[in-house]
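Here's the letter readout for the chains.
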Amino acid sequence: MTTEPGVRVEDKLFQNRYLVDAGQAHIKVKPHTKPSAALLTLLKVCPAHCYDLNSNGQVEVAPDGCVECGTCRVIAEGSGEIEWNYPRGGYGVLFKFG
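About the criteria used
- Residues numbered from 1 in each chain as written.
- Predicted model: local features only at pLDDT ≥ 70, side-chain atom pairs only at ≥ 80, totals over all residues.
- Heavy atoms only, no water.
- UniProt positions renumbered as here; feature names shortened; annotations may be inferred.
- Helix = DSSP H or I, 4+ residues; strand = E, 2+ residues; numbered from the N terminus.
- Contact = heavy atoms within 4.5 Å.
- Areas by Shrake-Rupley, 256 points an atom, 1.4 Å probe, with all protein chains shown as cover.
- Lys, Arg positive; Asp, Glu negative; His and termini not counted.
- Charge placed at Lys NZ, Arg CZ, Asp CG, Glu CD.
- Buried < 20%, exposed > 50% of the residue type's maximum accessible area, 1.4 Å probe, protein only.
- Arc of directions from axis to C-beta.
- Phe/Tyr/Trp six-rings, centres within 6.5 Å; stacked < 30°, edge-to-face > 60°.
- Patch = residues over 30% accessible without salt bridge, like charges linked within 9 Å, V, L, I, M, F, W, Y side chains within 5 Å.
- Salt bridge = Lys/Arg side-chain N within 4 Å of Asp/Glu carboxyl O.

Going by what an unreviewed UniProt entry lists, the protein chain is known as Ferredoxin-like protein and is assigned to Rhodopseudomonas palustris. Under the UniProt heading Sequence similarities (unreviewed entry), the note attached to the protein chain is "To ferredoxins from P.putida and C.tartarivorum, ferredoxin I from A.vinelandii, ferredoxin II from D.desulfuricans." Database annotation for the protein chain, UniProt heading Function (unreviewed entry): "Could be a 3Fe-4S cluster-containing protein."

As structure tokens, this is what we get:
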């Protein structure tokens with residue numbers, strides 16, 4: 001029995017391509033002074049690591065590498081803390097393996 005080395009998620013995500021719609025982000029974080037628990041959760045659960053804290057301690061999103069999985073929608077859209085729309089036609093993630 002042989003064991004193969006584990007495959008990292010980051011290595012798989014790197015194989016996808018993204019067509020960025022400059023100036024028309026499909027995810028926006030609503031302005032806030034202090035991030036809620038839901039926003040802080042996005043820092044850990046987003047598989048593409050699109051969410052980060054800025055120097056003021058606020059959550060920001062960089063949707064350029066978004067895989068459109070919907071995790072952030074489940075966690076924070078219902079509370080109104082993020083605005084999520086599908087990218088315009090022809091933009092967004094282009095999966096290599098379907």
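Attention shifts here to the overall build of the protein chain. Across its full length, the protein chain holds 3 helices and 6 strands. Its C-alpha atoms give the protein chain principal-axis dimensions of roughly 55 × 35 × 25 Å. Across the protein chain, the fraction of contacts at a sequence separation of at least 24, relative to all contacts at a separation of at least 6, is 66%. Accessible area for the protein chain stands at about 6,800 Å²; split by element, carbon and sulfur atoms hold 54% of it. Across the protein chain, the centroid of the 10 positively charged side chains sits 1 Å from that of the 11 negatively charged ones.

Our next topic: the environment of Thr33. Inspection of the secondary structure puts Thr33 in the loop between strand S2 (27–29) and helix H2 (37–45). Residues Thr33 and Val59 lie 26 residues apart in sequence; the distance between their C-alpha atoms is 9.5 Å.

A separate point is H2. What H2 keeps buried is the set Ala38, Leu39 and Leu42. Along H2, the residues classed as buried sweep out an arc of 100° about the axis, all on the same side. Exposed residues lying more than 90 degrees from the buried face of H2 are Ala37 and Lys44. Buried residues in H2 make contact with S2, strand S3 (51–53), strand S4 (59–61), helix H3 (71–77) and strand S5 (82–84).

Okay, the packing of aromatic side chains next. For the structure shown, the criterion picks out 1 aromatic pair. Consider the rings of Trp84 and Tyr86, whose centres lie 4.9 Å apart with planes at 80°: the pair is edge-to-face. Residue Tyr86 is classed as exposed on the basis of its relative accessible area, which comes to 60%.

The subject of this paragraph is a nonpolar patch on the surface. Among the surface-exposed residues, Leu19, Tyr91 and Leu94 lie close enough to one another that they form a single nonpolar patch of about 250 Å² accessible area. Tracing the backbone through its elements, the reader meets Tyr91 in the loop between S5 and strand S6 (92–94).

Tallied over the entire structure, the rule returns 2 salt bridges. Taking the shortest distance from any N to any O, the salt bridge between Arg88 and Asp21 comes out at 2.6 Å. Here Arg88, found in the loop between S5 and S6, pairs with Asp21, found in the loop between strand S1 (17–19) and S2; they are 67 residues apart in sequence, far enough to count as distant. A salt bridge links Arg73 to Glu77; the shortest N-O distance between them is 3.1 Å. Residue Arg73 and its partner Glu77 are located together in helix H3, separated by 4 residues, close to a single helical turn. Using a relative accessible area of 25% as the deciding quantity, one classes Glu77 as partly exposed.

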